[in-house]
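Residues per chain are reported as follows:
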Amino acid sequence: MSVIIVGGNECMIRQYKDLCSEYKCKAKVYPKMTRELRNIGSPDLLVLFTNTVSHKMVRCALNEARGQNIRVARSHSSSMAALKSILEEHTA
């Protein structure tokens, strides 16, 4: 399963990826707006940490997900516990 994480803390990128690998998911993390965010491909799950992300980034990520069969999970908190609960819900 592939996961795209938009937002979150830059210092926690490695921890996000490690947690995703525990759930047998391959993760890409975009804590800041980059050009790569405009072509995210077709992941199985898009995680939006809405507290640490701009409205422009949210709109960009959702526009990329529109028209594809991508599940979107939003969380106000960008903690490891929030990501763990999202992964438990969507990988079960």
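Details of the structure are given in the entry above.
If you're wondering where the values come from, they're calculated on a predicted model, not measured in any experiment.

What counts as what
- Residues numbered from 1 in each chain as written.
- Predicted model: local features only at pLDDT ≥ 70, side-chain atom pairs only at ≥ 80, totals over all residues.
- Heavy atoms only, no water.
- Helix = DSSP H or I, 4+ residues; strand = E, 2+ residues; numbered from the N terminus.
- Salt bridge = Lys/Arg side-chain N within 4 Å of Asp/Glu carboxyl O.
- Buried < 20%, exposed > 50% of the residue type's maximum accessible area, 1.4 Å probe, protein only.
- Axes fitted to C-alpha atoms, helices over the stretch in contact; angles between N-to-C directions.
- Parallel < 35°, antiparallel > 145°, perpendicular 65-115°, else oblique.
- Left-handed = near helix turned anticlockwise from the far one by under 90°.
- Contact = heavy atoms within 4.5 Å.
- Nonpolar A, V, L, I, M, F, W, Y, C, P; charged D, E, K, R; others polar.

1. Details of unusual backbone geometry
Working note: non-glycine residues mostly have negative phi, and peptide bonds are mostly trans.
No. 1: Its identity as a non-glycine residue notwithstanding, lysine 24 has a phi of 60°, on the positive side.
No. 2: Structurally, lysine 24 is set in the loop between α1 (13-22) and β2 (26-30).

2. A closer look at the pattern of salt bridges
No. 1: All chains considered together, the criterion is met by 2 salt bridges.
No. 2: Between lysine 32 and glutamate 10 there is a salt bridge whose closest N-O contact spans 3.6 Å. Of the two residues, lysine 32 is situated in the loop between β2 and β3 (45-49) and glutamate 10 in the loop between β1 (2-6) and α1; the sequence distance between them amounts to 22 residues.
No. 3: Taking the shortest distance from any N to any O, the salt bridge between aspartate 18 and arginine 14 comes out at 3.4 Å. Of this pair, aspartate 18 and arginine 14 are both found in helix α1, 4 residues apart, which corresponds to roughly one turn of the helix.
No. 4: The partly exposed category is assigned to aspartate 18, whose relative accessible area is 35%.
No. 5: Judged by relative accessible area, which is 53%, arginine 14 ranks as exposed.

3. A closer look at the packing of α1 against helix α3 (residues 80-91)
Angle between the axes and distance between the axes are the two parameters that describe a pair of packed helices.
No. 1: With their axes 11 Å apart at the nearest point, α1 and α3 run at an angle of 25° to one another. Between α1 and α3, the interaxial angle falls into the category roughly parallel. With respect to the hand of their crossing, α1 and α3 are arranged in right-handed fashion. Judged by residue contacts, Gln15, Tyr16, Leu19 and Cys20 of α1 engage Met80, Leu83, Lys84 and Leu87 from α3.
No. 2: Residue composition of the contact of α1 with α3, by class: 6 nonpolar, 1 polar and 1 charged.

Function cannot be read off these values alone, since they describe shape.
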